[in-house]
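Residue strings, one per chain:
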Amino acid sequence: KLDPVLGFFSDYPFAIFIVVVSISFILAKVATSILTSLIAQLTSRTKIHWDDQINRLLPQPVFWTLFLLGLLMAVIPLKLSVTSDSITQSLVATILIILWSSFFLRMIVIVLRAISINGKQQSLIRPQTKPLFQNLAYIFVFIIDRKSTRLNSSHTDISYAVFCLKKKKKNT
């Protein structure tokens with residue numbers, strides 16, 4: 001029963017791309033909404049408030065992760081060149097690394113603030129030492145971010161693509 005529809009779309013890969021991107025957007029919105037609602041129900045049962053703050057930060061990276069994964073799937077029918085496909089994957093990976101790094105940095109600030117406010121005089125993390133731990137956490141996230149970016153980058157593919165573009169400009 002779906003053969004005529006699938007036959008139509010197989011002739012138009014860009015139409016498949018648009019449909020998959022649209023479905024990815026809708027599914028990402030729905031999944032993010034369901035996930036944050038479930039987490040909100042769980043965190044509403046606790047006596048602490050910083051988990052609610054973290055839950056308010058969570059929808060953005062979750063939505064973009066799901067949507068960008070759908071975008072990667074949508075690109076498949078376009079049958080891009082190996083270089084373009086590699087650049088697309090690297091770009092999506094870099095965006096996701098930046099999004100999740102930003103989320104973790106904000107989460108660290110919230111957790112350290114909560115610990116320092118509730119900390120006792122003998123506590124390791126208190127208002128006076130919070131900046132030290134915050135900077136250590138930033139350095140840790142930065143190092144992890146740099147390592148993941150390096151692992152996911154395709155500098156040779158990007159350099160090759162730039163070389164091809166420059167060569168094409170010179171020829172025209």
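Placed above this text is the structure.
Model, not experiment: these values are computed from the prediction.

S.K.: Looking at this structure, I do not really get unusual backbone geometry. What am I missing?
M.R.: Excluding glycine, residues mostly have negative phi values, and the peptide bonds linking residues are mostly trans. Positive phi, normally seen in glycine, also occurs at K79, with a value near 50°. Relative to the elements of secondary structure, K79 occurs in the loop between α4 (59-75) and α5 (82-118). Judged by relative accessible area, which is 72%, K79 ranks as exposed.

S.K.: Help me understand helix α2 (residues 13-44) in this model?
M.R.: Structurally, the α-helix is built with 3.6 residues per turn, so residues lying three or four positions apart point the same way. Across its 32 residues, α2 extends 46 Å between first and last C-alpha, which sits within 8% of the 46 Å expected from 1.5 Å per residue. Looking at the buried positions of α2, the neighbouring elements they touch are α3 (50-57) and α4.

S.K.: It is not clear to me how the packing of aromatic side chains should be interpreted in this structure. Could you clarify?
M.R.: Each aromatic ring pair is described using two quantities: the centre-to-centre distance and the angle formed by the ring planes. In the structure shown here, the tally under the stated rule is nine aromatic pairs. Summarising the aromatic geometry, the rings of F25 and F63 are spaced 5.6 Å apart at their centres and angled 85° between planes, so their arrangement reads as edge-to-face. Of the two residues, F25 sits in helix α2 while F63 sits in helix α4, which places them 38 residues apart along the sequence. Exposure remark for F25: the relative accessible area of 40% places this residue in the partly exposed category. Judged by its relative accessible area of 10%, F63 is buried. When the ring of W100 is compared with that of F103, the centres are 5.5 Å apart and the planes differ by 80°; the resulting orientation is edge-to-face.

S.K.: How should I be thinking about the packing of α2 against α3 in this particular structure?
M.R.: The relative placement of two packed helices is expressed as an angle between their axes plus a distance between the axes. Where α2 meets α3, the axes come as close as 9 Å, and the angle between the chain directions of the two elements is 175°. Taken together, α2 and α3 sit at an angle that is classed as roughly antiparallel. Residue-level contacts link T36, I39, A40, T43 and S44 of α2 to D51, D52 and N55 of α3. The residue inventory of the contact of α2 with α3, partitioned by class, reads two nonpolar, four polar and two charged.

Quick notes on the rules
Residues numbered from 1 in each chain as written. Predicted model: local features only at pLDDT ≥ 70, side-chain atom pairs only at ≥ 80, totals over all residues. Heavy atoms only, no water. Helix = DSSP H or I, 4+ residues; strand = E, 2+ residues; numbered from the N terminus. Buried < 20%, exposed > 50% of the residue type's maximum accessible area, 1.4 Å probe, protein only. Expected span 1.5 Å × (residues − 1). Contact = heavy atoms within 4.5 Å. Phe/Tyr/Trp six-rings, centres within 6.5 Å; stacked < 30°, edge-to-face > 60°. Axes fitted to C-alpha atoms, helices over the stretch in contact; angles between N-to-C directions. Parallel < 35°, antiparallel > 145°, perpendicular 65-115°, else oblique. Nonpolar A, V, L, I, M, F, W, Y, C, P; charged D, E, K, R; others polar.

So yeah, pure geometry; function would need other evidence.
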